[in-house]
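# Secondary and tertiary structure notes
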Amino acid sequence: GAHSAYGDKHIKLTKTMRIMQDTAEIGRHARMAPVELENVISEMVSEALRHKTEHGLLYIGSPRMADTHPHVERFSGERLQTMHISVLGNSNGAPWPFANVTPLSIEEMPDALRYVLFLSEYTGYGLFAQQLGESDDWAVFHTSDWNFVESMVSKLQDQYDLQRPF
């Protein structure tokens, strides 16, 4: 049936989505307009900037790498000795302008999927967003469960043979 987090859309929650609607409120589902999604991603990037002196990872996945520029340009000029930042998506052959952010070109990235994973020694945030059909809105799951985020980072690293910096 319909779930209020998605408004009038009839979205069936999977078993995993229901499990993650935990009572500790460290994971939430929401329906967001594109501008709201960009604001949440921006807040997650701000959090990563606040933790830039800790050992950490920030992965931003987007179908088009160029869509991540407003977020990663905030790290330009930052000395990131212990924070490793990567952007995953389709580069469309464009040069990458950010020296301290690693681009990982993934040509088969789904068009309607975005994610952010931020993991430091003491903090973990994850966001997964999928566009709702023909709508501009996004079905979003976000969490601050460190163990869940660490597991997703590990799966991402395994899937794409990424280096484990810590």
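It is worth spelling out the environment of G126 at this point. Within the element layout of this structure, G126 appears in strand β6 (residues 124–131). Here the alpha-carbon distance between G126 and D145, two residues 19 residues apart in the chain, equals 8.1 Å.

As enumerated under the stated definition, the model contains four aromatic pairs in all. Centroid distance W96 to F98: 5.3 Å. Interplanar angle 70 degrees. Geometry classified as edge-to-face. The class of F98 is buried, set by a relative accessible area of 9%. Look at F128 and F148: their rings are 6.4 Å apart centre to centre, the planes differ by 80 degrees, and that puts the pair in the edge-to-face class. With F128 in strand β6 and F148 in helix α4 (residues 146–159), this pair connects stretches of sequence that are 20 residues apart. Assessed through its relative accessible area of 24%, F128 is described here as partly exposed. With relative accessibility at 19%, the residue F148 sits in the buried group. Each member of the aromatic cluster is reached from another via a ring pair, and the members are F128, F141 and F148.

Conventions adopted
Along every chain, residues carry numbers that run from 1 in the direction the sequence is written. A pLDDT threshold of at least 70 governs which residues receive local features in this predicted model, and a stricter bar of 80 or more applies before side-chain atom pairs are shown or counted, although totals over entire chains, interfaces and linings include all residues. Calculated side-chain values reflect all of the structure's heavy atoms, with hydrogen atoms and water omitted. Note on conventions: DSSP H or I runs of at least 4 residues are helices, E runs of at least 2 residues are strands, and numbering of each starts at the N terminus. To pair, rings of Phe, Tyr and Trp, with the six-membered ring standing in for Trp, must have centres within 6.5 Å; the planes then decide the type, stacked if under 30 degrees apart, edge-to-face if over 60, and tilted in the middle. Only protein chains enter the area calculation, which uses a 1.4 Å probe; residues under 20% of their type maximum are buried, those over 50% are exposed, and those in between are partly exposed.

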